[in-house]
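Chain by chain, the residues:
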Amino acid sequence: MFDRIAPVYDVMNRVMTAGLDVRWRRITAQSVVRPGDRVLDACCGTGDLAVAASKVGGRVTGLDFAPRMLERARRKLPSATWVEGDLLALPFAPDSFEAATVGFGVRNVADLEGGLAELRRVLVPNGRLAVLEITQPRGFLAPFYRVWFDRIVPRLGRLLKGGAAYTYLPASVRRFPGPDQLTGLLRSAGFADVSYRTFAGGIVALHTGRAA
Ligand SMILES: C[S@@+](CC[C@H](N)C(=O)[O-])C[C@H]1O[C@@H](n2cnc3c(N)ncnc32)[C@H](O)[C@@H]1O
């Protein structure tokens, strides 16, 4: 599925978020990456979060299991290391990274707890993790969000070649744990000082934590 949407992925991101995704990725990178860090950007897709981490001074390794997404990422930042691999079986030794980021990725992983455990395994003690993910807003924005996500986004996707997969997006968000639940899962996976902030009225959440 991700190989099919690779050609339209960046355009869809900008359209769906009115360009706000660029700022969210920048804040995500700044929240955990320090200059000189070895950084894993897991589920890197077309590489925008990896690029943001590199701008903060990280030495970035991007990992994704979709080769067409990786091709695009490699073109954006040839100096990074790009690895075709699975978050559920990361091809790295323990203590390989000082920081890890995942942008709009963990929602798609078949075994969320397993993925979080892998991220913990490859981080050094006190290594920093940031997880940026779509969430379901509560309150007054909820009805607008449902119309946008459940009706408009899938239709926009169908207009673009390869974009039919966007019909899958609303269901994947509905299935995904809310921010408080994800906080609990991160703690259970071995992260301390877990906290989160939301963007755009609660449509997107950024969780951060420290490998305990
Ligand atoms: C919605 S895209 C996010 C891309 C990018 N991180 C961003 O910020 O836009 C999700 C990506 O996760 C990748 N992915 C999903 N499950 C994966 C897994 N188990 N291992 C590696 N990559 C995975 C997909 O191939 C896809 O490129």
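These lines cover the structure that appears in this document, whether it is placed above or below. (Residues numbered from 1 in each chain as written. Predicted model: local features only at pLDDT ≥ 70, side-chain atom pairs only at ≥ 80, totals over all residues. Heavy atoms only, no water.)

The element strand 4 (residues 97–103) is largely enclosed, with a buried count of seven among its seven residues. When strand 1 (residues 38–42) meets strand 4, the two strands line up parallel, connected through four bridges. Counted as the bridge partner of Val39 is Ala99 from strand 4. Inspection of the sheet shows strand 4 paired to strand 5 (residues 123–134) by six bridges, in the parallel sense. Counted as the bridge partner of Phe97 is Leu123 from strand 5. Between the parallel elements strand 4 and strand 5, the chain passes through helix 5 (residues 112–122) in a crossover that is right-handed. (Buried < 20%, exposed > 50% of the residue type's maximum accessible area, 1.4 Å probe, protein only. Helix = DSSP H or I, 4+ residues; strand = E, 2+ residues; numbered from the N terminus. Pairing = 2+ DSSP bridges. Right-handed = clockwise from strand over helix to strand, strands pointing away.)

Per the counting criterion, the structure on display carries two aromatic pairs. On the numbers, 6.2 Å between centres and 20° between planes, the contact of Trp24 with Phe199 is stacked. Residue Trp24 is found in helix 2 (residues 20–32), and its partner Phe199 is found in strand 6 (residues 191–199); the two are separated by 175 residues along the sequence. Trp24 gets classed as buried once you look at its relative accessible area, which sits at 4%. (Phe/Tyr/Trp six-rings, centres within 6.5 Å; stacked < 30°, edge-to-face > 60°.)

This part covers the site of the ligand. Taken together, 18 residues form the shell around the ligand, and within it Tyr9, Cys43, Asp64, Asp86 and Gly103 come nearest. In the model, an oxygen atom of the ligand is placed 2.6 Å from a nitrogen or oxygen of the Asp64 side chain. Asp86 places a side-chain nitrogen or oxygen 2.7 Å from a nitrogen atom of the ligand. Within the complex, 98% of the 600 Å² of free accessible area of the ligand lies under protein. Top contributing element to the shell around the ligand by residue count: helix 1 (residues 2–17), with three residues. Classifying every residue of the shell around the ligand by side-chain character gives ten nonpolar, five polar and three charged. (Near = heavy atom within 4 Å. Polar contact = N/O pair within 3.5 Å; in protein donor to acceptor, adjacent residues only side chain to side chain. Areas by Shrake-Rupley, 256 points an atom, 1.4 Å probe, with all protein chains shown as cover. Nonpolar A, V, L, I, M, F, W, Y, C, P; charged D, E, K, R; others polar.)

Just geometry here; none of it tells us what the structure is for.
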